[in-house]
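Overview (structure and organization)
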Amino acid sequence: MAQWDALVDAALGGLASRSLLRATRPIALAPPPAPPETFPGPGTWDRAAVEIRLDRETLRQWLAEGGEASDKEEELGEKLILFSGNDYMGLSSHPAIREAAAKAAQEYGMGPRGSALICGYTTYHKLVEESLAELKKKEDCLLCPTGFSANMAVMTALGSISSLLAVGRKPTKDERIAIFSDALNHASIIDGIRLLERQQEAVAFVYKHCDMTHLDFLLSNCSTEKKVVVTDSLFSMDGDFAPLPELVELRRKYGFLLVIDDAHGTLVCGENGGGAPELFECENDIDISVGTLSKAAGCQGGFVACSTRWKRLIQSRGRSFIFSTALPVPVVASVHAALYVSRKEEWRRSLIWRHVQYFASLTKLNITSPIISIVVGSEEAALAAGRHMLRSGFHVTPIRPPTVPPNSCRLRITLSASHSSDDIKRLVDSLAPWLPNKHGEQKFSKGHAEQSYAVSSKL
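Let me begin by describing the structure that accompanies this report. (Residues numbered from 1 in each chain as written. Predicted model: local features only at pLDDT ≥ 70, side-chain atom pairs only at ≥ 80, totals over all residues. Heavy atoms only, no water.)

**A closer look at the overall build of the chain**
Counting its regular elements, the chain contains 17 helices and 13 strands. In terms of overall size, the chain behaves like a compact globule, its C-alpha atoms giving a radius of gyration of 23 Å where 459 residues would be expected to give roughly 23 Å. Oriented by its inertia axes, the alpha-carbon framework of the chain measures out at about 70 × 55 × 40 Å. Of all 459 residues assigned to the chain, the portion counted as buried reaches 57%. In the chain, 80% of the contacts between residues at least 6 apart in sequence involve partners at least 24 apart. In the form shown here, the chain has an accessible surface area of approximately 19400 Å², with 51% of it arising from carbon and sulfur atoms. Side-chain charges of the chain comprise 51 positive and 53 negative groups, with the mean position of each set lying 4 Å from the other. (Helix = DSSP H or I, 4+ residues; strand = E, 2+ residues; numbered from the N terminus. Rg over C-alpha atoms; globule rule 2.2 N^0.38 Å. Buried < 20%, exposed > 50% of the residue type's maximum accessible area, 1.4 Å probe, protein only. Contact = heavy atoms within 4.5 Å. Areas by Shrake-Rupley, 256 points an atom, 1.4 Å probe, with all protein chains shown as cover. Lys, Arg positive; Asp, Glu negative; His and termini not counted. Charge placed at Lys NZ, Arg CZ, Asp CG, Glu CD.)

Here is the structure:
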């Protein structure tokens, strides 16, 4: 990727010549306490991650949604099993995470309140960046307030290369960056690309979901030299993986920059929790890996794992990073603890994938991840299915437009290490009306990629 290294170096040189390079200067805090206690299996605290309660009025409003009412609603219990969160590892309720946050809050309050470039960056933030860089097998890492802001920062930094190299004028069409985006990419990626197009820094091409033939066709017919391919690694609504090995082959063929959003793969996939790239053994072929700390880490925040030169560019031109207040110290301390627990309690990762296999064996569905998408069709059907699950004692939120295209509304189910086999068995029993029958026939089909392509191609 010598071409991209040279482009980033040239952009950094332009910033340096105008005294616009920015760097974080950590405020020193006392080192974190000794490594927290870890455990060989689930504890009572794990249930707190999946056992929730809704008050009576909230239950009434949810059940009334869609115009359907029942005189039996008063008989419903307020306790539910949560099957719609993203806390895959069940770390949000872990004693180590609770203790780390509480101790940091007692000692520092929320910590310095300001952007990372002003005063919000501390030695705790630096420790977490170093841990994430090691996890992702990257030279460096930049901690961001959210996963959304991390993707936006990467996109705006990418676009800035065109503007910085054009020097005082708008880049010509040939000087812009060509960005190739999967049709089902996350909204933060789409919004970032739209911004670059608006600023005339990039030209966008949307390829059909996970369709490498279509991507190859688009790449081969694009004369722009600066090419970027960006994709989710594990898609949040369908639960399928991007074909990373095939993307790597195309990267070698065309020399594009490969950016992935590993939000749902980080800590879940790979022997060490390194995410989808570790699972597919292609960590060295990913140029920039974006992730979140609000899913499997059970905390809050986002990050960009990359080279040091890319980090310098993103923290100097990524506006969603520059103009956002840094994460509070207790949150960062909890992330540091979560990363440690994830390394030590490997059984959590194994348990997630055993749950995936168990769910598949019970339902005969072809699922490949802890994200299970059961498409039911219309909004009315999805709302009715959601009410049925609520009455059955499960929090499973119906997903509707604009999150998914019209007529592909669904029940999105997520499995966690905090769930028990009995939770999953009872869930599957309640899902019976929307599962394949004994002949393997399913009432509703999942295939909506073509429709989604038609929608998102209007970037």
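The discussion continues.
**Quick word on the pairing of strand β3 (residues 140-144)**
Taken across its five residues, β3 has five buried, putting it largely inside the fold. Side chains D140, L142 and C144 project from β3 onto one buried face, and the interleaved C141 and L143 project onto a second face that is buried too. Both β3 and strand β9 (residues 302-306) contribute to a ladder of five bridges, which runs antiparallel. By the bridge assignment for β9, L143 is matched with F303. (Pairing = 2+ DSSP bridges.)

**Regarding the packing of aromatic side chains**
Enumeration according to the criterion identifies six aromatic pairs in this entry. Taking the centre distance of 5.7 Å and the plane angle of 75° together, the rings of F241 and F280 count as edge-to-face. Linking F241 in the loop between β6 (227-232) and α9 (244-254) with F280 in the loop between α10 (276-279) and β8 (288-292), this pair joins segments that are 39 residues apart in sequence. Taking the relative accessible area as the measure of exposure, F241 reaches 15% and is therefore buried. (Phe/Tyr/Trp six-rings, centres within 6.5 Å; stacked < 30°, edge-to-face > 60°.)

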